[in-house]
Amino acid sequence: MAFTAAQIPGIAGRVYPPKLAGPLYPMGIPIHDEEKLPEIVEREGVRLVVFSYSDLTHVELMNKASKVLALGCDFMLLGPRSTMLKSGKKVVAVTAVKTGAGKSTVSRMLVKLLREKGHRPVVVRHPMPYGVLEKQVVQRFASLDDLDRYRCSIEEREEFEPHLREGTIVYAGVDYEMVLKEAEKEGDVIVWDGGNNDLPFYWPDLHITVVDATRPELITNSYPGETNIHMADVIILHKADKVSEEQLDRAAEMVRKVNPGAEVVATASKIRVEDVPLRGRRVLVVEDSPSVTHGGMSVGAGYIAAVNAGASIVDPRPYAVGTIAKLYHEYQHLGPVVPALGYTEEQLRDLGETLRRAEAELIVSASPADLTRLIECGKPVVRVWYEAEQVSGTPLSSFLSRL
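Computed from a prediction, not measured in an experiment: that's the story for all the values here. (Residues numbered from 1 in each chain as written. Predicted model: local features only at pLDDT ≥ 70, side-chain atom pairs only at ≥ 80, totals over all residues. Heavy atoms only, no water.)

A. A look at the pattern of salt bridges. Scanning all chains against the criterion turns up 24 salt bridges. Aspartate 148 is the salt-bridge partner of arginine 157, the closest N and O atoms lying 2.9 Å from each other. Residue classification places aspartate 148 among the partly exposed residues on the basis of a relative accessible area of 37%. Put simply, Lys103, Arg125, Glu159 and Asp193 are held in one network by salt bridges that share partners. (Salt bridge = Lys/Arg side-chain N within 4 Å of Asp/Glu carboxyl O. Buried < 20%, exposed > 50% of the residue type's maximum accessible area, 1.4 Å probe, protein only.)

B. A look at the environment of isoleucine 271. Locating isoleucine 271 in the fold gives a position in strand β15 (residues 263-273). Residue class for isoleucine 271 comes out partly exposed when judged on its relative accessible area of 28%. Sequence spacing of isoleucine 271 and leucine 218 is 53 residues, and the spatial spacing of their C-alpha atoms is 23 Å. Aside from chain neighbours lying at most four places away, what touches isoleucine 271 is Lys242, Ala301, Ile304, Ala305, Val384, Trp385 and Tyr386. (Helix = DSSP H or I, 4+ residues; strand = E, 2+ residues; numbered from the N terminus. Contact = heavy atoms within 4.5 Å.)

C. Looking closely at the packing of helix α5 (residues 103-116) against helix α7 (residues 154-165). Where α5 meets α7, the axes come as close as 11 Å, and the angle between the chain directions of the two elements is 20°. One element, α5, and the other, α7, form an angle in the roughly parallel class. Taken as a pair, α5 and α7 cross one another with a handedness that is right-handed. Only Glu159, Pro162 and His163 of α7 make contact with α5, whose side of the interface consists of Ser104, Ser107, Arg108 and Val111. Split into classes, the residues belonging to the contact of α5 with α7 amount to two nonpolar, three polar and two charged. (Axes fitted to C-alpha atoms, helices over the stretch in contact; angles between N-to-C directions. Parallel < 35°, antiparallel > 145°, perpendicular 65-115°, else oblique. Left-handed = near helix turned anticlockwise from the far one by under 90°. Nonpolar A, V, L, I, M, F, W, Y, C, P; charged D, E, K, R; others polar.)

Structural measurements only, silent on function.
What follows is the structure, encoded as structure tokens:
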């Protein structure tokens with residue numbers, strides 16, 4: 001009867017187009033805010049509610065299920081046999097326990113290792129349906145110009161841009177069966193670099209799940225993150241350089257209790273900052289939005305880099321406008337950082353205005369996207385990059401050799 005929208009601003013009120021919905025839906029499928037679910041159930045006589053997004057705690061998920069059951073409906077979770085497609089090529093799936101774990105950096109590291117072994121890896125990202133859906137059935141990204149051609153949001157650019165700068169072909173799109181067929185034409189290994197902590201959309205020959213070693217409590221407390229732990233062949237404890245050896249051992253013990261058959265390795269998150277003096281200077285920090293909003297992190301790599309460099313952090317809240325200001329009310333855990341929110345033109349305008357209003361000398365941006373391609377920031381931008389580097393356990397290259 002309908003889709004409901006949550007997490008991603010600006011998509012409620014749209015219609016999933018008839019061209020993609022098929023002949024049973026000549027008017028398309030309406031998309032409503034999730035808050036309207038009780039109203040839709042009553043009006044349409046809904047009997048079944050299917051939960052189809054990610055990045056919640058188990059408690060949050062069951063809170064939603066409880067409300068649905070109270071409306072008289074059945075509540076369903078879709079499993080891999082209902083959602084995963086089989087590929088004719090080898091598939092390496094990289095998943096995570098929670099947004100902000102460092103999955104994207106691990107994916108890039110694996111792509112490099114595959115190239116070193118003579119493979120032609122192609123990355124597939126999960127659908128990001130923020131634009132005109134009919135034009136997003138299959139998207140192929142080979143250069144930064146393609147980001148402009150597809151009018152990508154900041155969130156899409158954050159995922160695609162680092163791969164493109166390393167010469168990796170990236171596919172995305174709404175119809176992930178058609179996406180797979182096109183990606184198979186170009187590569188001999190498909191790297192599923194899915195979003196949030198989603199399950200893979202393709203059956204993996206090697207399933208790697210990334211755990212944030214600084215937040216081990218999420219291992220058994222996130223949906224579908226815990227499922228990814230159960231399914232994993234290899235579990236990576238990322239940000240191992242940010243915790244003590246004792247904390248790392250405790251995280252390893254927790255994942256082995258959930259999945260004793262998986263290999264456990266550790267990687268560090270290496271932060272690199274542009275060569276610009278920051279000590280004593282007033283800086284405004286920008287982080288990638290999903291990690292510090294529904295990902296639950298208060299700060300990210302940008303804040304850590306700025307503090308380590310001796311910068312004076314400017315609190316952005318007094319300068320925030322519009323949709324950016326609303327984020328601080330919606331996500332009370334947010335620290336003194338600006339989420340790089342940019343799904344819509346309105347959000348881009350509000351982000352630019354917030355950055356320009358802030359009384360800071362510099363902007364320290366840990367967004368993987370180059371913000372200056374999209375907005376006028378009003379002050380110099382210092383970029384922060386972060387990459388994964390294995391520090392212990394069986395070399396990841398050896399797992400790739402088994403493909």
